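Residue-level listing of the chains:
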Amino acid sequence: VGCRAYPVLMCGRVVVDYEGMAIGEADRDIVRWVGEGLEALGESPASSWNLAPTQQVPLLLRPRKAPETHRVELARWGIVPPWEKEFGTKYPTFNARIESVAEKRTFAPSLVARRCAVLTTGYYEWLTEGKVKTPHLIGGTGLLPLAGLYSWWREPGAAEGEGWRLSATVLTRESTGPLAAIHDRMPVFLDDALAADWLDPELRADHVMLGAVSDGAERVAAALNPVAVGPIRGDGPELIVPRSGGE
């Protein structure tokens, strides 16, 4: 799944470097929450420098049954509504436009109390100049949380308490700042100052909250500088090395 498959959406490639999430940022509450959540997860997920939709992406969330705790969970990137007969969709659901998310049947139920941070350390976007597409890395130097939504889907006929599977989507908005020159859409970056409210399942997400989160993303975007990189093939830290001779 990539930008060629869904030309009207953001390209679906993110970087998830678990070691990079905590570098020099112990004073950030969300970094501390992620650290606690990963420790409680009881496993060491593998980092990826080329994670695509339908693969497992890490989330930070506060469960409705235990809202005082922060949990890290792995979820299918591409939200699957509970009414689907299979764990998948016929249309792309890895992005949700913040401008219309409250009106979309696929996403609106999760907006009420199943909001999350999709945990990345960066993502790729392609700058198109004529027939040439050049990948650019945005972020890559620490935790870059994205505002997301999650949903639980249950396998038909599963035994009681079993068969539950998790999926998620990333909110997007119009690009601003340095990112506007690369693509007309960008993720809704989750501003640290708004993370606690966004993750709180006891707070209802209304137009005021969505507006605040969207505005917060502008502040984060202003500090991000896209860097040209080489072709995004395979997986490994070499993918985020700046392209020789250009940024």
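Calculation notes
Residues numbered from 1 in each chain as written. Predicted model: local features only at pLDDT ≥ 70, side-chain atom pairs only at ≥ 80, totals over all residues. Heavy atoms only, no water. Helix = DSSP H or I, 4+ residues; strand = E, 2+ residues; numbered from the N terminus. Rg over C-alpha atoms; globule rule 2.2 N^0.38 Å. Buried < 20%, exposed > 50% of the residue type's maximum accessible area, 1.4 Å probe, protein only. Pairing = 2+ DSSP bridges. Core = buried A, V, L, I, M, F, W, Y, C linked by side-chain atoms within 4.5 Å. Expected span 1.5 Å × (residues − 1). Arc of directions from axis to C-beta. Contact = heavy atoms within 4.5 Å. Polar contact = N/O pair within 3.5 Å; in protein donor to acceptor, adjacent residues only side chain to side chain. Phe/Tyr/Trp six-rings, centres within 6.5 Å; stacked < 30°, edge-to-face > 60°.

Along the chain, the regular secondary structure elements total four helices and twelve strands. Computed over the C-alpha atoms, the radius of gyration of the chain is 17 Å, within 12% of the 18 Å expected from 2.2 N^0.38 for a compact globule of 247 residues. For the chain, the C-alpha atoms occupy an extent of roughly 55 × 40 × 35 Å along the three principal directions. Residues counted as buried form 54% of the 247 residues belonging to the chain.

As a further point, take the pairing of strand β10 (residues 164–174). Of all the eleven residues making up β10, eight are buried; the element is thus mostly covered by neighbouring parts of the structure. By the bridge criterion, three bridges tie strand β5 (residues 95–97) to β10 in an arrangement that is parallel. Opposite N95, over in β10, you have V170 as the bridge partner. As paired strands, strand β9 (residues 146–154) and β10 are joined by seven bridges and run antiparallel to one another. Residue pairing in the sheet places W152 in a bridge with L166 of β10. Bridge analysis of β10 against strand β11 (residues 185–187) gives three bridges, and the strand direction is antiparallel. Across the sheet, residue R173 finds its bridge partner in β11, namely M186.

Our focus in this paragraph is the nonpolar core. If you look at the biggest cluster of nonpolar residues, it comprises 55 residues, and the most contacted ones within it are I30, L59, L60, L171, F189 and W198. With five residues, the single largest contributor to this core is helix α4 (residues 207–221). Core analysis: the next-biggest nonpolar cluster, separate from the first, contains eight residues, W49, Y124, W126 and V229 among them.

So, about α4. The terminal C-alpha atoms of α4 lie 21 Å apart, and with 15 residues this matches the ideal 21 Å at 1.5 Å per residue to within 8%. Those residues of α4 lying buried are M209, L210, V213, S214, G216, A217 and A221. Projected down its long axis, α4 shows its buried positions confined to an angular sector of 160°, all on one face. Summarising the geometry of α4, the exposed residues directed more than 90 degrees from the buried face are H207 and V208. At its buried positions, α4 is contacted by α2 (108–113), β6 (115–118), β9, β10, β11 and α3 (192–199). The residue sitting at the N-terminus of α4 and contributing the capping side-chain oxygen is D206; that oxygen lies 3.1 Å from the backbone nitrogen of V208.

Attention now moves to the pairing of strand β3 (residues 56–61). The buried fraction of β3 amounts to five of the six residues, a majority that puts the element mostly inside the structure. As defined by bridge partners, β3 adjoins strand β4 (residues 71–77) across six bridges and the pair is classed as antiparallel. By the bridge assignment for β4, L60 is matched with V72. Looking at chain direction, β3 and β6 are connected through two bridges and run antiparallel. Counted as the bridge partner of L60 is A117 from β6.

For the rest of this paragraph, the subject is the packing of aromatic side chains. Taken as a whole and assessed by the stated rule, the structure comprises three aromatic pairs. Between the aromatic rings of F87 and W153, the centroid separation amounts to 5.4 Å while the plane-to-plane angle is 40°, which identifies the pairing as tilted. Here F87, found in the loop between β4 and β5, pairs with W153, found in strand β9; they are 66 residues apart in sequence, far enough to count as distant. Residue class for F87 comes out buried when judged on its relative accessible area of 18%.

Keep in mind that these numbers describe shape and distance, not what the molecule does.
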